[in-house]
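# Secondary and tertiary structure notes
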Amino acid sequence: MHLPLASLTKPVLHGYFRSSCSWRVRIAFALKGIEYDQAPVNLIKDGGQQLTEQYKALNPMQQVPAVEIDGITLSQSLAVIQYIDETRPGPRLLPVHPKKRAQVRMISDVIASGIQPLQNLYVIQKIGAEKVQWAQHFIERGFQALEPILKQTAGKYCVGDEISMADICLVPQVYNAERFKVDVGQYPTIKRLNQTLLEIEAFKVSSPSCQPDTPADLRA
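All of the points below concern the structure found in this document. The numbers attached to residues start from 1 for each chain and follow its sequence in the written order. With pLDDT at 70 or above as the cut-off, local features in this predicted model cover only qualifying residues; side-chain atom pairs require 80 or more to be listed or tallied, and sums for whole chains, interfaces and linings still use all residues. Values reported for side chains reflect all heavy atoms of the structure, with hydrogen atoms and water molecules removed beforehand.

## Side note on the pairing of strand β2 (residues 37-40)
Paired strands, as defined in this entry, are two strands with at least two bridges between them according to DSSP. Numbering goes from the N terminus for both helices and strands, where a helix is a DSSP run of H or I of at least four residues and a strand is a run of E of at least two. Relative to β2, strand β1 (residues 12-15) is paired through 4 bridges, and the arrangement is parallel. Within β2, the residue paired with Gly15 across the bridge is Pro40. For the handedness criterion, the β-α-β arrangement of β1, helix α2 (residues 20-32) and β2 is classed as right-handed. Assignment of crossover handedness uses the view with strands pointing away from the viewer, where a clockwise path from the first strand over the helix to the second indicates a right-handed crossover.

If you want it as structure tokens, here you go:
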């Protein structure tokens, strides 16, 4: 079988070291053992490099990440994760069993649609002086929903005993919660899962503390 040339070149991740959505993709690549190149997009420098016409041509939403892979460009982290899960060998990021797969998607969507967008950089910049309280409110509101869901679905990881896309979404969101001084101890299941996942190499190497564009003062 001859693979098309585009699939033989390394994917390129256009992202930002502290972006939750970029981090999700880095975790997925690491779990799958996929080599890739990074093209940093600084969301703050020069008024936001994601707002340039050059980057807009790559991702019309002017958000990170954008991933060039197999001759196409994908944005939206969950779409990227599901694509690489469907096209690359390695551990499955979505379970085979339909019920578990639905649970993984539900948890991922609670985070990626119901929590994270309400405290991403673009929204926070619009809020102004009340941005910390705003972020805390929506993270806590989301975690109050997520905790009982995870109590029902979790084993060692978010859904049973296999790492999935749900875990990939959880860790960056807990990192954000801690940045905004949310007491994660109120949510024992979330806290336990996060601590377990942070011991895994794929989550360590993808951390915001050790990326090519991580500022020196934030490096581990």
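## Some remarks on the packing of aromatic side chains
The pairing test for Phe, Tyr and Trp rings, Trp by its six-membered ring, is centres within 6.5 Å, and the orientation test on the planes gives stacked under 30 degrees, edge-to-face over 60, and tilted for anything in between. Under the criterion given, the structure shown has 5 aromatic pairs. Centre to centre, the rings of Tyr16 and Phe17 are 4.8 Å apart; their planes meet at 65°, and the pair counts as edge-to-face. Comparing Tyr16 with Phe17 shows no difference in burial state: the two are buried. Here Trp134 and Phe138 contribute two aromatic rings whose centre-to-centre distance is 4.7 Å and whose plane-to-plane angle is 55°, an arrangement assigned as tilted. Here Trp134 and its partner Phe138 are both found in helix α7 (residues 131-153), 4 residues apart, which amounts to about one turn of the helix. We classify Trp134 as partly exposed; its relative accessible area is 30%. For Phe138, a relative accessible area of 16% puts it in the buried group. Between Arg179 and the ring centre of Phe180, over which it is positioned, the NZ or CZ distance is 5.4 Å. Each residue is assigned to one of three classes by its accessible area relative to the maximum for its type, calculated with a 1.4 Å probe on protein chains only: buried under 20%, partly exposed between the two thresholds, exposed over 50%. For a Lys NZ or an Arg CZ to count as sitting over a ring, it must be within 6 Å of the ring centre and within 35 degrees of the ring normal.

## Digging into the pairing of strand β4 (residues 72-75)
Bridge count for strand β3 (residues 66-69) against β4 is 4 bridges, and the pairing is antiparallel. If you follow Val67 over to β4, its bridge partner there is Leu74. Where β3 folds back onto β4 in an antiparallel hairpin, the turn is made up of 2 residues, including Asp70, whose phi is positive at roughly 55°.

## Section: the layout of surface pockets
Space inside the largest pocket adds up to approximately 920 Å³. Considering the residues around the largest pocket, the lining is formed by 36 residues, among which Leu43, Gln116, Asn120, Leu121 and Tyr122 are closest to the centre. At the level of secondary structure, the elements contributing two or more residues to the lining of the largest pocket comprise α2, α4 (77-87), α5 (98-114), α6 (121-127), α7 and α8 (165-179). Residue classes follow a fixed rule: Ala, Val, Leu, Ile, Met, Phe, Trp, Tyr, Cys and Pro count as nonpolar, while Asp, Glu, Lys and Arg count as charged, and any other residue, Gly among them, counts as polar. A breakdown of the residues in the lining of the largest pocket according to their chemical character gives 16 nonpolar, 16 polar and 4 charged. Its boundaries defined by the atoms lining it, the second largest pocket holds a volume of some 240 Å³. Computed over the protein atoms alone on a 1 Å grid, cavities are sets of points where a 1.4 Å probe fits but cannot get out and pockets are open sets with protein on both sides within 12 Å along at least five of seven lines; a residue lines them when it has an atom within 4 Å of a point. Lining the second largest pocket are 15 residues; nearest its centre among them are Arg92, Pro95, Glu162, Ile163 and Ser164. For the lining of the second largest pocket, the residue count by class is 9 nonpolar, 2 polar and 4 charged. Grid points are joined across faces, edges and corners, and a volume is the space filled by probe spheres set on the points.

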